[in-house]
Amino acid sequence: MSDWPFLFDFARKHREGRLALASLVAREGSSYRQPGARMLIAEDGSFTGSLSGGCLEEGIANAARQVFAEGAPRKMTIDTRPHFGCPGKLHVLIEEIPAALPLVVESALRERRPISLVTDDAGTRVGSRGSDEALIEKVEPPVRLIVVGWTPDIEPVLSFAASLGWQRHRVVREQRMIAETPRVAGEAIRALSADELREHYVPDDSTAVLMMTHHLATDLAFLREILPAGYGYVGLLGSRRRRETLLGELGSLGLLEDPSVTDRFYAPVGLDLGGHHPASIALAIVAEIQAALAGAPAGFLRDRKGSIHAVSVSA
């Protein structure tokens, strides 16, 4: 998951001033964040984002003041062992960036287009080629979560999704419900029928559709359209009996002949985390979506062999 969706609000608030970008371009040993982690720093020293677990950011923000003062980028190598006990070194580049750069990235992600960024001695820019030591980050569109439903148990799902920087959409039954439904964490709300959903939300591998209508006929109508469409994840709230009933109906329509259709279908929805409160259920649902779209096994990290981090950028 990229840092960029978390940086856009900060960039907009400071678009009239100067901005510095701090990038973790490489590391030695282990570190809390991986290469590609980013921070934005304003002239007043305020910042957003992180390159560590929270112990280095103030110092990096202070170093950005020097970048503003001298008008030149600065490289830092931070040995985390003496002070923080983490067995690693972080290689950080701090540079002043054009105010338009975050807007270019935001525009691409809003249109759900991937965009590649190169960071090297020449700075950070859109592109896919750089020096041999360049950090090349392919920024993918964030997860887009579409929840079909109108009951209060949707709200903690959307709140967890907001904390992850996901795009959040709720589909309700009737137009009048849009004004009546309180927006949770700024999600978009639309009244759509089952056959309108694909037109408004073009399927892609990083879009998850979650059915939480508590209404069997509505679930069936939407699943008829959603399952064959090619969304990355389709989840259904309900029991195994509900799932089997719906699968029987969908199978009779010839919609389950492609095995990839059922591979992307998760019902009953959620990981087995324990707990029965709506917030616990929401956590289990969001965790499952994250694991499914990332292709992760969702097991205990203590049981994982080898590195616990998957590197998504190259340096």
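Residues numbered from 1 in each chain as written. Predicted model: local features only at pLDDT ≥ 70, side-chain atom pairs only at ≥ 80, totals over all residues. Heavy atoms only, no water.

Enumeration over the complete set of coordinates arrives at one aromatic pair. On the basis of an interplanar angle of 15° and a centroid distance of 4.7 Å, the ring pair of Tyr233 and Tyr266 is categorised as stacked. Placement of the pair is Tyr233 in strand 13 (residues 233-236) and Tyr266 in strand 14 (residues 265-266), with a sequence separation of 33 residues. Here Tyr266 falls in the partly exposed class, since its relative accessible area comes to 25%. Its guanidinium or amino end placed over the ring of Phe300, Arg302 lies 5.5 Å from that ring's centre, counting from NZ or CZ. (Phe/Tyr/Trp six-rings, centres within 6.5 Å; stacked < 30°, edge-to-face > 60°. Helix = DSSP H or I, 4+ residues; strand = E, 2+ residues; numbered from the N terminus. Buried < 20%, exposed > 50% of the residue type's maximum accessible area, 1.4 Å probe, protein only. Lys NZ or Arg CZ within 6 Å of the ring centre and 35° of its normal.)

UniProt annotation of "domain: XdhC- CoxI" (unreviewed entry) refers to residues 16-78 when read in the numbering used here. Summarising residues 16-78: 22% helix, 38% strand, and an end-to-end C-alpha distance of 31 Å. (UniProt positions renumbered as here; feature names shortened; annotations may be inferred.)

With that out of the way, let us pick up unusual backbone geometry. With an omega dihedral of -5°, the bond running from Ala267 to Pro268 counts as a cis peptide bond. Within the secondary structure, Pro268 sits in the loop between strand 14 and helix 11 (278-294). For Arg112, which is not glycine, the phi torsion reads 60° and is therefore positive. For Arg112, a relative accessible area of 14% gives the class buried. The residue His214 is not glycine, and still its phi comes out positive at about 60°. Locating His214 in the fold gives a position in the loop between strand 12 (207-211) and helix 8 (216-226).

The next thing to look at is the pattern of salt bridges. Applying the stated criterion across every chain, the model contains 21 salt bridges. Residue Arg18 is joined to Glu96 by a salt bridge in which the shortest nitrogen-to-oxygen separation is 2.8 Å. Within this pair, whereas Arg18 is found in the loop between helix 1 (4-13) and strand 1 (19-29), its partner Glu96 is found in strand 5 (residues 88-97), the two being separated by 78 residues in sequence. Overall, Arg18 belongs to the partly exposed group, its relative accessible area being 31%. Here Arg110 makes a salt bridge to Glu106, at a shortest N to O gap of 3.6 Å. Within this pair, Arg110 and its partner Glu106 are both found in helix 4 (residues 100-110), separated by four residues, close to a single helical turn. Owing to a relative accessible area of 56%, Arg110 belongs among the exposed residues under this scheme. Salt bridges linked by common partners bring Asp9, Arg12, Glu106 and Arg110 together as one network. (Salt bridge = Lys/Arg side-chain N within 4 Å of Asp/Glu carboxyl O.)

Among the secondary structure elements, Asp120 is positioned in strand 6 (residues 115-120). Here the side chain of Asp120 touches Ala122 through a polar contact of 2.9 Å, landing on its backbone nitrogen. With sequence-adjacent residues up to four places away left out, Asp120 is seen in contact with Leu93, Arg125, Gly130, Ser131 and Ala134. (Polar contact = N/O pair within 3.5 Å; in protein donor to acceptor, adjacent residues only side chain to side chain. Contact = heavy atoms within 4.5 Å.)

The next point concerns the sheet that holds strand 9 (residues 144-148). Here six strands make up an open sheet; going across it, the order is 11-10-9-12-13-14 and the pairing parallel. The open sheet has two edge strands, strand 11 (188-191) and strand 14, and neither has a second partner. In terms of strand pairing, strand 9 meets strand 10 (residues 167-172) through five bridges, oriented parallel. By the bridge assignment, Val148 is partnered in strand 10 with Val171. (Pairing = 2+ DSSP bridges.)

Bringing the packing of helix 1 against helix 4 into the picture now. One way to put it is that helix 1 packs onto helix 4 with a least axis distance of 10 Å and a crossing angle of 130°. One finds that helix 1 runs oblique with respect to helix 4. Helix 1 and helix 4 meet at a crossing whose hand is left-handed. Here Trp4, Pro5, Phe8, Ala11 and Arg12 of helix 1 lie close against helix 4, whose contacting residues are Pro102, Leu103, Val105, Glu106 and Leu109. (Axes fitted to C-alpha atoms, helices over the stretch in contact; angles between N-to-C directions. Parallel < 35°, antiparallel > 145°, perpendicular 65-115°, else oblique. Left-handed = near helix turned anticlockwise from the far one by under 90°.)

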